[in-house]
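Okay, here's what each chain looks like letter by letter:
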Amino acid sequence: MAAGQQWVLVEMVQAFYEAPAYHLILEGILILWIVRLLFFSKTYKPHETYKLTEKEKEDLIEEWQPEPLVPPVSKDHPSLNYDVVTGPPSHKIIINGKECTNFASFNFLGLLDSDRVKDKALASLKKYGVGTCGPRGFYGTFDVHLELESRLAKFMRTEEAIIYSYGFATIASAIPAYSKRGDIIFVDEAACFSIQKGLQASRSFIKYFKHNDMEDLERLLKEQELEDQKNPRKARVTRKFIVVEGLYINTADVCPLPELVRLKYKYKVRIFLEESMSFGVLGEHGKGVTEHFGVNIDDIDLISANMENAVASIGGFCCGRSFVIDHQRLSGQGYCFSASLPPMLAAAAIEALSIMEEDPEIFSVLKRRCSQVHQALQGIPGLKLVGVPFSPALHLQLERSSGCRSSDLQLLRSIVDHCLDRHVALTVARYLEKEERFMPPPSIRVVVTVEQTDEDIQKAVSCIREAASIFLR
Amino acid sequence: MTESSGSKLLNGEACQRTLRGKNAGKNGFVKNHCVFEHPRKYRRPTERSQNAAPNSSLYKKPFSESFEETPLLVAVLTYMGYGILTIFGYFRDFLRHWNIEKCHIAHEREQQKDFVPLYQDFENFYTRNLYMRIRDNWNRPICSVPGAKVDLVERVTHNYNWTFEHTGKVVKDVINMGSYNYLGFAENTGACASAAIETTHAYGVGVASTRCEIGNLDIHEELEQLVARFLGVESSMAFGMGFATNSMNIPPLTGKGCLILSDELNHASLVLGARLSGSTIRVFKHNNMQSLEKLLRDAIAHGQPRTHRPWKKILIVVEGIYSMEGSIVRLPEVIALKKRYKAYLYLDEAHSIGALGPNGRGVVDYFGLDPKDVDIMMGTFTKSFGAAGGYIGGRKELIDYLRCHSHSALYATSMSPPVAQQIISSMKIIMGEDGSTLGKDRLRQLSENTTYFRRKLREMGFIIYGNDDSPVVPLMLYMPAKIGAFGREMLKRNIGTVVVGFPATPIIESRARFCVSAAHTREMLDTALRAISEVGDLLQLKYSRRERPLSTPGWTYEESLLQD
Ligand SMILES: Cc1ncc(COP(=O)(O)O)c(C=O)c1O
Ligand SMILES: Cc1ncc(COP(=O)(O)O)c(C=O)c1O
């Protein structure tokens, strides 16, 4: 509430700064004129003739019929009936009563049922209880949170890190903390939903470039540069950002980071990098896409990731230089106005980081598994594998779409069900069809984890092949 | 901003409920069309006190809420205080600019000095020159359960709050008046903790998928059935974060061509959700039913701006207890209005669920209303349940729709199993399903503590905002200098309190906020009250000009007053 109003105020002042002098003088005259009209003119009576009588109003109120609160949902809506998982969603997972090998949860490093992680979480639970009963500002900062933040900063070799209690809220809060009305954000078309919500909340100008197409991005940046030369006064206060993902969740592609950094310095645009899929996955030590490409992490203005995939806890974090990150402690909405992360989940994340630090071998194991699965899933008739060989979350799309999204989904769902019956857990990637800016094509998600054995992979692949040969002809 | 909040409680004016029944509109000529008559003239009453008088027929018990007006002198001095701070701020910025005063603020990288500045200078002026002076009152790290007493990590600063160092010592047993631990379920022992331990053993802490894909655990389903039963609604859905419950579930419910009527003091998450939905948003004065009714009537009569098409739907968004004001929503009147004007009602019970009502079921229970009259019952598990997350309850069609369209269900990782278990255990205790009276006892204790604490503060002569039954107790400080002083003096006396100023409150209405808990014993409350009174005298905070209820000698005498 109040904070929202504050920003309106800030934006007003900002607009004031940006405006040229003649504009201000004109506006001043205009205001004086309005004041004169309102208070010193006897003839000014707005819309007297249009005014409704009470009786007319009453009739309108009687007549008005609102739409129902929600439209009815058809009984066979694909997302209505969730599959029920009994017990932990770990490597062996019981779905709808059937034990399966998990190829669907983002538990890349298999830390979800690690005893070490559980022990640390339990120790924390016995010390702090479950909830924090307050936002960070009001006695919701636990020593565990501070430890996790400094451990994350150390792990990523950045100055500072900040944690959020919900993965989705992390980038969605971080973007609007910096980018305001009037600023410009260049963003990849394949950006995930939480980025899209962050963009929307920022109310900035959004310019989409084609997925991973640096020429398209450079074209937009050039256009903007010309625009800036025309209006240098405005350009001096218009912040510009590029928002990309490390590994795209929607396409399983990696972003061309070195090229992005080159463009950053050439056009003086800041880079925000969302690494939920690549943190704890890419690079020799799991530091993500910066390590993968050998890019200096200080060249990236802000990195955000969630701790719900590789780290197998809950929450998210942003890291970077203190100059950038500290700002969120007063301006990150999901940080300021929400209860902090339960300490046991923070403790679990700390232990996961320790495991990752102690045994970087785990990342090369994951990488091997990824390329193994990538290799094995090639050339399934009717299905097309999407993604880079080192991505742990791949997509299987239909080679030939029927042209109708729901029947495509139906087909894919039958393949998933066929595999479920044979104890292989897969899932169809779910999207909100009306909400996505650029709808990814329907696909089956295949998630690789370090716990999958050669036999698991063989079995899963042969199930998928079999199902494809049955359903896709 | 100050203007709007200064006049936010204008409906102190008595206005009588009109005698017409619900069907009066059809009786042809009707003299008065409003459910709640507008006061003839908006006049600023000296005592902004809301009693049940206006529409008392809707209330089953007295509704007593007061917001004593800021004394004029105090207001003037407060503005002067900000004036002086601002002048000093400019002066010190000047000194910093010429490197006469050392500046600790983090700097942009050398390589990026020629980028457009990431922050406008005035954005940080407030932080640098006002907030930084009293920053030690926030984010105080704790190292124990956030229960009735809490251990703080001692920290010191050698550069006027720019950085803190931990001394390695612990400030033990600080009485915690800050955490939202209304029913005292922030515990590391007992039934809830044991159950959460079991669940951690069985499930681990993460889920690593969304509800819709493969993260729908049996424990989530169990939780949702329990929540629905607790609320008395057909169905419910739980989410991993209270903030996101609002910001990710309002957008699927309303959109272009819909109107959201939002209380001016609604929480940031509700505001964000409303914005993301793309609906038109109009704001009514805090808890002011005349203002709400006027907006409703005008909206329906005039339709959408410019096109004048009728609105698709109208959603009223209110909270149960307002966390900064301590006020309780006038729910009976809101429901009367929503029925009369066919609007839908979204009720955020973040602070009221568990904390209000004879059965702890929130404002609906408090007023003895039917939960079916509220279309969307939202709340969080962060407060009374000592867990994390949020829920939405309502009719089955609503929840079915959300299961397919909620942003949270499709894109966000589901709730951690031990957290879900904590909610299940604590909710069962509140409902008495654990076979004990623990829940009932806590509810009674909370309500007694609230009444006692509020009454004592009033008697001492502080200006206390809010409803007599609200466990959120704001104590007005007004002046910026007193924010820091109050927080520090209280900590010296081993009491942890929350102090808030702009931007969380209007600029002149800085305040301290206490959250009463069922875990507080009478001794703790008395210790706290004694300290508050002492600090109140020291800082001259006893602003109230109301005649006080006869003050009683000593502390021992009153102990018995509320015991039953
Ligand atoms: C400085 C400040 N003001 C206001 C708030 C809002 O408090 P609440 O979420 O209880 O309304 C917070 C944090 O949550 C805060 O840190
Ligand atoms: C009214 C209201 N709604 C939602 C929230 C957010 O809840 P959570 O802390 O669980 O994110 C708060 C928290 O302060 C609140 O006061």
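Residues numbered from 1 in each chain as written. Chains lettered and ligands numbered in written order. Predicted model: local features only at pLDDT ≥ 70, side-chain atom pairs only at ≥ 80, totals over all residues. Heavy atoms only, no water.

Quick notes on the interface of chain A and chain B
Moving on, step 1. Counting residues at the interface gives 124 residues for chain A, matched by 128 residues for chain B.
Moving on, step 2. Between B:Arg340 and A:Glu62 there is a salt bridge, and its shortest N-O distance comes to 3.9 Å.
Moving on, step 3. Here chain A and chain B share 48 residue pairs in polar contact (both at pLDDT 80 or more) between them.
Moving on, step 4. Sorting elements by how many residues they give to the side of chain A that touches chain B places helix α1 (residues 2-18) of chain A first, with 10 residues.
Moving on, step 5. Residues that form the side of chain A that touches chain B fall into these classes: 67 nonpolar, 28 polar and 29 charged. (Contact = heavy atoms within 4.5 Å. Salt bridge = Lys/Arg side-chain N within 4 Å of Asp/Glu carboxyl O. Polar contact = N/O pair within 3.5 Å; in protein donor to acceptor, adjacent residues only side chain to side chain. Helix = DSSP H or I, 4+ residues; strand = E, 2+ residues; numbered from the N terminus. Nonpolar A, V, L, I, M, F, W, Y, C, P; charged D, E, K, R; others polar.)

Some thoughts on the site of ligand 1
Moving on, step 1. Around ligand 1 sit A:Pro135, A:Phe138, A:Cys336, A:Phe337, B:Tyr180, B:His267, B:Ser323, B:Met324, B:Ala504 and B:Arg513, and those are all the residues in its vicinity.
Moving on, step 2. Within the contact set of ligand 1, an oxygen atom lies 2.2 Å away from a backbone nitrogen or oxygen of A:Cys336.
Moving on, step 3. B:His267 is positioned such that a nitrogen or oxygen atom in its side chain is 3.2 Å from an oxygen atom of ligand 1.
Moving on, step 4. Relative to its free-state accessible area of 390 Å², ligand 1 is covered by the protein chains to the extent of 86%.
Moving on, step 5. Of the residues in the shell around ligand 1, the class split is seven nonpolar, two polar and one charged. (Near = heavy atom within 4 Å. Areas by Shrake-Rupley, 256 points an atom, 1.4 Å probe, with all protein chains shown as cover.)

Brief notes about the pattern of salt bridges
Moving on, step 1. Applying the stated criterion across every chain yields a total of 64 salt bridges over all chains.
Moving on, step 2. For A:Arg219, the salt bridge is made with A:Glu223, and the minimal N-O distance between the two is 3.2 Å. Of this pair, A:Arg219 and A:Glu223 are both found in helix α9 (residues 214-230), four residues apart, which corresponds to roughly one turn of the helix.
Moving on, step 3. Owing to a relative accessible area of 43%, A:Arg219 belongs among the partly exposed residues under this scheme.
Moving on, step 4. We classify A:Glu223 as partly exposed; its relative accessible area is 39%.
Moving on, step 5. For A:Lys264, the salt bridge goes to A:Asp301, with nearest N and O atoms at 2.8 Å. Of this pair, A:Lys264 sits in helix α11 (residues 257-267) while A:Asp301 sits in the loop between α12 (289-293) and β9 (302-306), and the two are 37 residues apart along the sequence. For the pair formed by A:Lys264 and A:Asp301, the shared burial category is buried.
Moving on, step 6. One connected set of salt bridges, linked through shared partners, spans A:Glu54, A:Glu58, A:Glu62, B:Arg297 and B:Arg340. (Buried < 20%, exposed > 50% of the residue type's maximum accessible area, 1.4 Å probe, protein only.)

Description of the packing of helix α15 (residues 480-492) of chain B against helix α16 (residues 522-539) of chain B
Residue and element names in this part refer to chain B.
Moving on, step 1. At a closest axis distance of 10 Å, the pairing of α15 and α16 adopts a crossing angle of 140°. Between α15 and α16, the crossing angle belongs to the class labelled oblique. In this structure, α15 crosses over α16, and the sense of that crossing is right-handed. In this structure, α15 uses Lys 482, Ala 485, Phe 486, Glu 489 and Met 490 to contact α16, whose residues at the interface are Ala 528, Ala 531, Ile 532, Val 535, Leu 538 and Leu 539.
Moving on, step 2. Classifying every residue of the contact of α15 with α16 by side-chain character gives nine nonpolar, no polar and two charged. (Axes fitted to C-alpha atoms, helices over the stretch in contact; angles between N-to-C directions. Parallel < 35°, antiparallel > 145°, perpendicular 65-115°, else oblique. Left-handed = near helix turned anticlockwise from the far one by under 90°.)

Considerations on the domain arrangement of chain A
All names here are of chain A.
Moving on, step 1. Split into domains, chain A comes out as domain 1 (85-108 + 360-471) and domain 2 (115-358).
Moving on, step 2. Computed from C-alpha coordinates alone, the two centres of domain 1 and domain 2 are separated by 27 Å.
Moving on, step 3. Listed by partner, the interface residues are 23 residues for domain 1 and 27 residues for domain 2.
Moving on, step 4. When the two sides are added together, the surface that domain 1 and domain 2 hide from each other amounts to roughly 2,100 Å², 65% of it contributed by carbon and sulfur.
Moving on, step 5. Counting across the domain 1 and domain 2 interface gives one salt bridge.
Moving on, step 6. Residues Glu 435 and Lys 197 are paired through a salt bridge, measuring 3.9 Å at the closest nitrogen-oxygen approach.
Moving on, step 7. Between the two partners, domain 1 and domain 2, sit five residue pairs in polar contact (both at pLDDT 80 or more).
Moving on, step 8. Looking at the side of domain 1 that touches domain 2, the elements that each hand over two or more residues are α17 (361-376) and β12 (393-398).
Moving on, step 9. When residues of the side of domain 1 that touches domain 2 are assigned to their parent elements, the largest contribution, three residues, is made by β12.
Moving on, step 10. Class assignment of the residues belonging to the side of domain 1 that touches domain 2 gives a composition of 15 nonpolar, four polar and four charged. (Domains from an automatic or database assignment. Buried area = accessible area lost by both parts, 1.4 Å probe.)

Comments concerning the side chain of B:Glu489
All names here are of chain B.
Moving on, step 1. Tracing the backbone shows Glu 489 in helix α15.
Moving on, step 2. Note on Glu 489: relative accessible area 15%, which makes it buried.
Moving on, step 3. For Glu 489, the contacting residues outside a window of four places in its chain are Val 535 and Leu 538.

Focus on the nonpolar core
Moving on, step 1. By size, the foremost hydrophobic cluster in this structure holds 272 residues, and its most contacted members are B:Leu457 and B:Phe486.
Moving on, step 2. A total of 11 residues in this core trace back to one element, the largest contributor, which is helix α16 (residues 343-358) of chain A.
Moving on, step 3. Leave out the neighbours within four places in its chain, and B:Leu457 touches B:Phe462, B:Ile464, B:Val473, B:Leu475, B:Phe514, B:Leu529 and B:Ile532.
Moving on, step 4. Judged by nonpolar contacts, the second largest core, of 45 residues, contains A:Tyr166, A:Phe168, B:Tyr344 and B:Ile392. (Core = buried A, V, L, I, M, F, W, Y, C linked by side-chain atoms within 4.5 Å.)

What to know about the packing of helix α6 (residues 143-156) of chain A against α16(A)
Residues and elements named next belong to chain A.
Moving on, step 1. Running from N to C, α6 and α16 point in directions that differ by 25°, and their axes come no closer than 9 Å. As judged from the angle between their axes, α6 and α16 are roughly parallel. Like other packed secondary-structure pairs, α6 and α16 cross with a definite hand, here left-handed. Contacts from Val 144, His 145, Glu 147, Leu 148, Arg 151, Leu 152, Lys 154 and Phe 155 in α6 reach Pro 343, Ala 346, Ala 347, Ala 349, Ile 350, Leu 353, Ser 354, Met 356 and Glu 357 in α16.
Moving on, step 2. Its residues assigned to classes, the contact of α6 with α16 shows 11 nonpolar, two polar and four charged.

As for the site of ligand 2
Moving on, step 1. Looking at ligand 2, there are 17 residues lining it, with A:Ser338, A:Ala339, B:Phe243, B:Thr382 and B:Lys383 nearest.
Moving on, step 2. Bordering ligand 2 are residues originating from chains A and B.
Moving on, step 3. One of the backbone nitrogen or oxygen atoms of A:Ala339 is found 2.7 Å away from an oxygen atom of ligand 2.
Moving on, step 4. A distance of 3.0 Å separates an oxygen atom of ligand 2 from a polar side-chain atom of B:His351.
Moving on, step 5. In the complex, 97% of the free accessible area of ligand 2, which totals 390 Å², lies under the protein chains.
Moving on, step 6. Of all the elements, helix α6 (residues 242-253) of chain B adds the most residues to the shell around ligand 2, at three residues.

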